[in-house]
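# Commentary on secondary and tertiary structure
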Amino acid sequence: MTGRDDAVAREQAGPARQRSAVVIGGGMAGLLAARTLLRRGVRVTLLERSDRFGGTVDGRVLGGLQLDSGAESFSTRSATVPALAAELGLGERLVTPEATGAWVQLPGPDLQASARPLPNSGVLGIPADPTDPLISAMISPEGARRAAQDGVLPVGSLATRAGVSLGELVRTRMGDEILARLVAPVAGGVFSADPDDLDVDSVAPGLRATMARLGSLGAAAGALRAAAPAGAAVGGIDGGIALLRDRLVTDLEAAGAQLRTGEEVTDLTRTGDGWTVTTGRAGAPRRLVADGVVVATEGRAAVDLLSPGLPALAAERPAPVPGVALVTLLVDLPALDVRPRGTGVLVARGVEGVAAKALTHSTAKWAWLREQAGPGRHVLRLSFGRVGDRPADVGIASDDDVLFSHTLADASVLLGIPVGAADVLDHDVVRWAGALPHAAVGHRERVARIRALVADHANSLAVTGGWLAGTGLVAVIDDARARAGALADALLAGAGGDGSGPPV
Ligand SMILES: Cc1cc2nc3c(=O)[nH]c(=O)nc-3n(C[C@H](O)[C@H](O)[C@H](O)COP(=O)(O)OP(=O)(O)OC[C@H]3O[C@@H](n4cnc5c(N)ncnc54)[C@H](O)[C@@H]3O)c2cc1C
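Residues numbered from 1 in each chain as written. Predicted model: local features only at pLDDT ≥ 70, side-chain atom pairs only at ≥ 80, totals over all residues. Heavy atoms only, no water.

This brings us to the overall build of the protein. Assigned secondary structure in the protein consists of 17 helices and 21 strands. Looking at the 504 residues of the protein, the share that counts as buried comes to 53%. Intrachain contacts of the protein at a sequence separation of at least 6 include 71% that bridge at least 24 residues. Split by element, the accessible area of the protein, about 20100 Å² in all, is 55% carbon and sulfur. One finds the centroid of the 49 positive side-chain charges in the protein at a distance of 4 Å from the centroid of its 55 negative side-chain charges. (Helix = DSSP H or I, 4+ residues; strand = E, 2+ residues; numbered from the N terminus. Buried < 20%, exposed > 50% of the residue type's maximum accessible area, 1.4 Å probe, protein only. Contact = heavy atoms within 4.5 Å. Areas by Shrake-Rupley, 256 points an atom, 1.4 Å probe, with all protein chains shown as cover. Lys, Arg positive; Asp, Glu negative; His and termini not counted. Charge placed at Lys NZ, Arg CZ, Asp CG, Glu CD.)

By nearness alone, 32 residues border the ligand, and E48, T56, S73, G466 and L473 come closest of all. Within the backbone of E72, a nitrogen or oxygen atom sits 3.1 Å from an oxygen atom of the ligand. V265 is positioned such that a nitrogen or oxygen atom in its backbone is 3.0 Å from a nitrogen atom of the ligand. In isolation the ligand exposes 1000 Å². Once the protein is present, 90% of that is buried. (Near = heavy atom within 4 Å. Polar contact = N/O pair within 3.5 Å; in protein donor to acceptor, adjacent residues only side chain to side chain.)

Looking now at the domain arrangement of the protein. You can read the domains of the protein as domain 1 (4-55 + 243-318 + 439-495), domain 2 (95-100 + 322-432) and domain 3 (121-227). When each unit is reduced to the centre of its C-alpha atoms, the spacing between domain 1 and domain 3 is 37 Å. Opposite the 8 residues of domain 1 that make contact, domain 3 presents 12 residues. Between domain 1 and domain 3, the buried area comes to about 650 Å², and carbon and sulfur atoms account for 57% of it. The largest contributions to the domain 1 side of the interface with domain 3 come from A439, V441 and R444, which together make up 69% of the buried area. (Domains from an automatic or database assignment. Buried area = accessible area lost by both parts, 1.4 Å probe.)

At S192, a position not held by glycine, the phi torsion is positive, near 55 degrees. On the secondary structure map, S192 appears in the loop between α6 (176-191) and α7 (200-203). For S192, a relative accessible area of 0% gives the class buried. Positioned with a positive phi, R339 is a non-glycine residue whose angle comes to about 50 degrees. One can find R339 in the loop between β16 (324-332) and β17 (344-347).

Take the environment of G167 next. With respect to the secondary-structure elements, G167 resides in helix α5 (residues 166-174). Judged by relative accessible area, G167 falls into the buried class, the value being 0%. Put simply, G167 and V183 are 16 residues apart on the chain and 8.3 Å apart in space, counted from C-alpha to C-alpha. Once residues within four sequence positions are removed from consideration, G167 is found in contact with L179, P195 and D196.

Take a look at the structure:
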């Protein structure tokens, strides 16, 4: 064995000794897994490859304003994030976005006339009532007639058959226009993917079963919407989502967790009744030995670590996922005080000359940010890159200056107000490479296969993260807690322990 052996917690023998776990990956999944284990009395070491914690939750300062550079809101479909925020002392900072809602930019000869407020009666852009005049106004008369068929077409096998994409479901029930003009822009904004690439049961759990019960897709979308808590579909935190990350790290450190950055795990080996974890510090690998391991990295890294011990897992290695480039502008542009496009614009495919897939008018969306920015100053965040983009498309691989000039041009079109370089007080480009795993068709079956393979080591191994749980903080936090909780049960049962431990 080369390098230094570092037995994190196995120095004591006997049933009373404290159990130990290594958490690999310091994104939200890893941080929540660490918190869960620590609260159950398991000693925790968390290893993060990069130089910071949070993964796709991060913030930075632009023109003196504290801004999120990754996730900037959370779904309010469950109390997961508000409850966590309250636990972390951030309950008073929970906020809702401006009620004006977002717009959609549709293709058309006159782009200004083709920008519309996004009707928001259903889920993922699927209207609760496709015959609503607000919806009909967004599609052709022929498209409206086709959409109305949702009310009369038999549900058939579409509700139960395997391998149905969001695109197939919407196209079959409501036609191409609803799909292209309402659902695809929302899916592109949320998942950076087209509806045909998205597993409907993963991105809209319960939608098909509700459709089978109620007889139409519109009724199902309306029912799911009605079942969600009243009020805005998303929430935020005054000061930014990255505060969740900051507080998690502070709490974990205070409770005695060992948190290490700059530690890329390169090997994971089952040894006896525990695990040996090797980190790849150049020329000086370190080894840690622990009773349990949580793998909370992105999917490809997770499979690379686990497949030497679980060869069948190699076949489940996820395909490369798209990257996203975010360009944020701080502009001095009082014309934007009227918030011309509500909280922002989702862009349909085929809008001539526009490369961005979405624009968030952050100072329109969040009152706390507006107050900090002051009158006339605005934060605009544009995102580039979706699944299926061609190499020539503007996206994560484009140079900063290319992205910047597209941002000015696209913001001008999407907001209907010229945004010039002279208006920009500050800007930055953040690239998220491979950071948006999407639930491709068959995702749930794939996840079930992976879970079954990993179950061989269920008494000492948990695997979690967005690539399995689904995109978004709610899914990631819920899954990390559940998986780490089950691991704690197993470790403590093995130890004959009482589960007591230091509070986090
Ligand atoms: C631009 C962007 C905007 C988003 N906006 C929202 C939003 O508004 N609302 C929302 O709910 N969700 C949003 N999301 C999604 C959400 O951020 C993610 O679903 C979630 O944060 C994923 O957390 P995770 O811990 O599973 O993965 P990650 O955040 O990807 O963390 C994985 C971590 O593992 C580390 N790692 C990888 N390999 C190793 C290794 N070998 N050894 C050690 N460490 C390793 C990585 O460095 C990383 O820190 C957004 C995502 C992006 C990219």
